Amino acid sequence: MFRHLRPLLAALLLPLAALAQTPKTYSSSDILLGLKKLNVLGSVMYIAAHPDDENTRLIAYMANERLLETSYLSCTRGDGGQNLIGPELREGLGVIRTQELLAARRLDGGRQFFTRANDFGFSKTSDETFRIWDKEQVLSDMVWVIRQRRPDVLITRFPPDARAGHGHHAASAILAAEAFDAAGDPKRFPEQLKYVQAWQPKRLLWNTGSFFVKPGEDMSGYLKLDAGGYNPLLGQSYGEIAARSRSNHRSQGFGSAAQRGEALEYFQPVKGDKATKDLFEGVDQTWSRVPGGAAVGKLIQEVIRKYDASNPSASVAGLEKVRDNLRHITVNSKDQFWQSEKITAISALIQACSGLYVEAIASEPTVVSGGEVSVDYEAVNRSGLPIKLQKVTIGKIFFPGDPMVMSGDGPEEDSQQASELKLNKRVTGKLVVGGRNNSLISQPYWLREPGSIGMYSIPKSLPAIQVVGTPENTPVASATFFYTINGVRTFIVVPVQYKHTDPVLGELYQPLAVVPPVLVNLPPAHSYVFADNQPKTVPVTLRAGRAGVSGTLALALPAGWKCEPATVPFTLAAKDQELTVDFQVQPSASAAPGRAELRATATVAGQAYSRGLQKIEYPHIPTQFLFPEAVAPLVKLELRRRGQNVAYLMGAGDEVPDALRQIGYNVTLLKPEELTAANLKKYDALVVGIRAYNTVDRLKTQQPEILKYMEQGGNVVVQYTVNRGTVLPQIGPYPMTMSSDRVTVEDAPVTLTKHPLLNAPNKITTQDFNGWVQEQGLYYPSQWDPKYQTVISSHDPGETPKESAILVTDYGKGHYIYTGLSLFRELPAGVPGAYRIITNMISYGKEPAQ
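From a predicted model like this one, the values you see are computed outputs, not experimental measurements.

A. The arrangement of the overall build of the protein in detail. Helix and strand counts for the protein come out as 18 helices and 45 strands. In terms of overall size, the protein behaves like a compact globule, its C-alpha atoms giving a radius of gyration of 29 Å where 850 residues would be expected to give roughly 29 Å. With respect to the principal axes defined by its C-alpha atoms, the protein has extents near 90 × 75 × 50 Å. Out of the 850 residues belonging to the protein, those deemed buried represent 58%. Taking all contacts inside the protein whose residues are at least 6 apart in sequence as the whole, residues at least 24 apart take part in 76%. When the accessible surface of the protein is totalled, it reaches about 34000 Å², and 51% of it is carbon and sulfur. In the protein, 89 positive and 84 negative side-chain charges are present, and the distance between their average locations comes to 3 Å.

B. Quick peek at the nonpolar core. Ranked by internal contacts, the top residues of the largest apolar core, which has 78 residues, are L660 and L821. Of the residues forming this core, the biggest block, 6 residues, is contributed by helix α18 (residues 832-843). Judged by nonpolar contacts, the second largest core, of 56 residues, contains V290, V303, I346 and I485.

C. Quick look at the sheet that holds strand β25 (residues 561-564). The antiparallel open sheet is built from 4 strands, whose spatial order is β21-β23-β27-β25. Among the strands making up the open sheet, the edge pair consists of β21 (518-521) and β25. Strand-to-strand twist in this sheet, taken as the mean axis angle between neighbours without regard to direction, amounts to 30°.

D. Structural detail: the pattern of salt bridges. Tallying each qualifying case throughout the model produces 35 salt bridges. Two residues, E341 and R111, come together in a salt bridge whose shortest N-O distance is 3.8 Å. One end of the pair, E341, is in helix α11 (residues 337-354); the other, R111, is in strand β3 (residues 111-114), with 230 residues separating them in the sequence. Classification of E341 by relative accessible area gives buried; the value is 14%. A salt bridge links R825 to E775, with the nearest nitrogen and oxygen atoms 2.8 Å apart.

E. How the structure looks around the side chain of D79. Within the secondary structure, D79 sits in the loop between β2 (69-74) and α4 (90-108). Buried and unpaired, D79 has R90 as its nearest opposite-charge partner, separated by 5.0 Å. Engagement of the side chain of D79 in a polar contact is seen with the backbone nitrogen of D119, the distance being 3.5 Å. The contacts of D79, once residues within four sequence positions are left out, are R90, L93, G94, N118, D119 and Y456.

F. Focus on the packing of aromatic side chains. What the rule picks out here adds up to 14 aromatic pairs. Their ring planes at 85° and their centres at 6.3 Å tell us that W144 and Y195 sit as a pair that is edge-to-face. Here W144 is found in helix α6 (residues 135-149), whereas its partner Y195 is found in the loop between α7 (167-183) and β5 (203-208), with 51 residues between them in sequence. The exposure class of W144 is buried, given its relative accessible area of 3%. One aromatic cluster in this structure is built from Y734, Y788, Y811 and Y816. A cation over a ring is seen here: R742 above F122, with NZ or CZ 4.2 Å from the ring centre. We note K787 situated over the ring of Y734; from NZ or CZ to the ring centre the distance is 4.9 Å.

G. Quick look at the sheet that holds strand β44 (residues 806-811). Reading across the sheet, the 7 strands line up as β34-β33-β35-β36-β45-β44-β42 and stay open at both edges, with mixed pairing between neighbours. Edge positions in the sheet fall to β34 (666-669) and β42 (789-790), since each has one partner strand and no second. In this sheet, β44 lies alongside β42 in antiparallel orientation, the contact comprising 2 bridges. Opposite Q789, over in β44, you have V808 as the bridge partner. Contacts between α18 and the sheet are confined to β33 (645-649), β35 (685-688), β36 (715-718), β44 and β45 (814-819), with β36 contributing the most and set at about 140° to the helix.

H. Focus on the environment of S590. Take S590: it is sitting in the loop between β27 (578-587) and β28 (594-604). Distance from S590 to R246, taken between C-alpha atoms, is 54 Å for residues 344 residues apart in sequence. Of note is the side chain of S590, whose polar atom sits 2.9 Å from the side chain of S588.

I. Expanded view of α6. Its 15 residues give α6 an end-to-end C-alpha distance of 21 Å, which sits within 8% of 21 Å, the value for a rise of 1.5 Å per residue. With 11 of its 15 residues buried, α6 lies for the most part within the structure. Where α6 is concerned, the buried positions are V138, L139, S140, D141, M142, V143, W144, V145, I146, R147 and R149. R150 sits one or two residues past α6 and shows a positive phi near 50°.

J. The confidence of the model for the protein, seen in detail. Looking at the protein, the pLDDT average stands at 91 and 94% of residues meet or exceed 70. Below pLDDT 50 for its whole length, residues 1-19 participates in 43 contacts with residues either more than four positions away or in separate chains. Taken as a whole, residues 397-410 scores under 50 in pLDDT and shows 52 contacts with residues more than four places along the chain or in a different chain.

K. Representation of α7 in the model. Over its 17 residues, α7 extends 23 Å from the first C-alpha to the last, a length consistent with the 24 Å expected when each residue adds 1.5 Å. When you tally the buried positions in α7, you get 14 out of 17 residues, the bulk of the element.

L. Region of interest: the pairing of β33. Buried residues dominate β33, accounting for 4 of its 5 residues. Of the strand pairs in this sheet, β33 and β34 are connected by 4 bridges, and their pairing is parallel. Across the sheet, Y648 pairs through a bridge with L669, a residue of β34. In terms of handedness, the path from β33 via helix α13 (residues 656-662) over to β34 forms a crossover that is right-handed.

What counts, and where the lines are drawn
Residues numbered from 1 in each chain as written. Predicted model: local features only at pLDDT ≥ 70, side-chain atom pairs only at ≥ 80, totals over all residues. Heavy atoms only, no water. Helix = DSSP H or I, 4+ residues; strand = E, 2+ residues; numbered from the N terminus. Rg over C-alpha atoms; globule rule 2.2 N^0.38 Å. Buried < 20%, exposed > 50% of the residue type's maximum accessible area, 1.4 Å probe, protein only. Contact = heavy atoms within 4.5 Å. Areas by Shrake-Rupley, 256 points an atom, 1.4 Å probe, with all protein chains shown as cover. Lys, Arg positive; Asp, Glu negative; His and termini not counted. Charge placed at Lys NZ, Arg CZ, Asp CG, Glu CD. Core = buried A, V, L, I, M, F, W, Y, C linked by side-chain atoms within 4.5 Å. Pairing = 2+ DSSP bridges. Axes fitted to C-alpha atoms, helices over the stretch in contact; angles between N-to-C directions. Salt bridge = Lys/Arg side-chain N within 4 Å of Asp/Glu carboxyl O. Polar contact = N/O pair within 3.5 Å; in protein donor to acceptor, adjacent residues only side chain to side chain. Phe/Tyr/Trp six-rings, centres within 6.5 Å; stacked < 30°, edge-to-face > 60°. Lys NZ or Arg CZ within 6 Å of the ring centre and 35° of its normal. Expected span 1.5 Å × (residues − 1). pLDDT = per-residue confidence, 0-100. Right-handed = clockwise from strand over helix to strand, strands pointing away.

Below, the structure written as structure tokens:
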């Protein structure tokens, strides 16, 4: 009865992951734009290195003006950047930036893809990048996405050389050029050809601009287009759409102002057929490129001609006729790319025109692995067309080849009789979804197994060849609504989600998550630092993934460490119940100095569980869940400090205050308005958090109070400040010019001066720079007043020494210290030397306690 549904289901599964969010609604203008897009068979792919590298205006123009299948392939997920909106770094930041890209694409009309490359931090050359990335694997990933999406034109954001300004940027352009050739060569990555065909794009272009063009450079040899046009169906210019899209990159502080009017984009030919006037010269974008497709194009044009914006449902019959013709072409064609793409689009348009709303909502946000959760579904016909709901089924959605199965023998099916969907009358029902028998299934797929510094790993249970490129997990489960409309059988597939109402933000959707029976949480981004042999409290919080879970909890410690109690029995009667257990941990005299690691493990029915739950929640992206391992650094070191009380002003967000508490400081988080000389007088030092001079506007008025505090004998330690967008032209007592200078090699050799900061209360040596992570420092001043004294010097290979990682000056009776050292990364990572260095900064100029 539903004999045509199997190929259509395959076509619908690809975009389903993007539906784990608020259901999309369509205006009459949106529908008309979608109808017009049915008659355009062209594709373009933009390629760059990171989230926020993409040209959102060009993507909006290509998707909504040229009506092309438009995609952005980002080599990385931006894991190595900084975070302007919260404390998440590395994997957590990568998840945020992935979702920010997906949010951007939902606005500008593009689609999002990735390679497995890990953003390991700033890189100065493509050679360095390729030493850390697995170049051949990244190239393979890029070729796979190109063969999947079959773009007619590839466009890069960056040049393949030093002008790109970042090793990842240049590497993305180099890889794009190699992928352009490899995608069309069946001898390259032949294992992919079991699933896709070799595909040769028509041309590769570089989207150059003011960043890369010298003043007065002749641009006559470049292609150009005006991407600043206005779309009356959307009521916005592409510059306005682009600003809204780009402003989703909140973690990077890229809120953008809308632009209107002419906006010329320039393109330099790189490879392939040379175009003289238009990027798509020589590319047939009509149905003539599909054998037997010309008749389909005429049918679509007739639907467009008859479209009534006040009654979109009148177009359903015409769309059904188009889809039926497409299915017949698909049956007789080996190459089904455009047929599948357009069948998916037509099915979405039929739903939009018919005003049919469906959703499937889980009763709880999580389901335990192997357990069950009830699902409420609803369907509403808002057009008055004759629609009959035949049945609703619940089944898993999976990556192709995923062997993991749900509990139960098959999909759950609603047993109620077929229901006529009367105008604006809700039809509801209940089903049950089973949790997958894998407690890590809701962990982002690229984080389930350990990777390398430069590459993420894909689990062996998920065939890499078919998972590569996908931006996020597919939903845990889906609901399929089988129905007839005008007597024609069809269906809609939607993800099972959780929905709740926030009193401020209103109705919110989030993905249903599978969790283990018990979750084991340690404080996030937290190191336990022992400057003596006194015990410290390590709190471990257990959370029940289901009701009635019992077991034991223990800490695994390295040799020479001990804890009390050794094990703790627990029982959690209700789902989501929490229990915090405090362990007393301390090193013995035989414990090796330096960094080690503890692990918390709960044992339930003989099975060990050692992962917690991290909820990432921001209003501009869907709620995300991570399942971090319950591990934390243990640091034993020799440390002396002077002073006790530290005031801390938070900037963009970091974990430095907790690190300072670990070494015995009393840390008080101050509000900007509390930064008065009188209030600061009771503190031995003021530490200013990362990017505070970029994000805390009140510093404009409080800076004189900070200077007065120093004049009266206070210490001020300022952590890195980005060289653009400071709230004050001068962030120190004397002039310094901020820059983007940095030392990216974390173990770059360091030369020490004889500055007293290095001598007391701890003797700093080059050994204190061992074991650093990701980078040594960033945003060093390029020039500074002679009153500032330098303390250390280091540099990346082949560069001149960078001497401004630490600048110190006396001011009145007090002292000012600026540091670009990446202490915000090193302290949570448990790097011993970082603790000794920041202690010396806070203690600088203080007399030893009597």
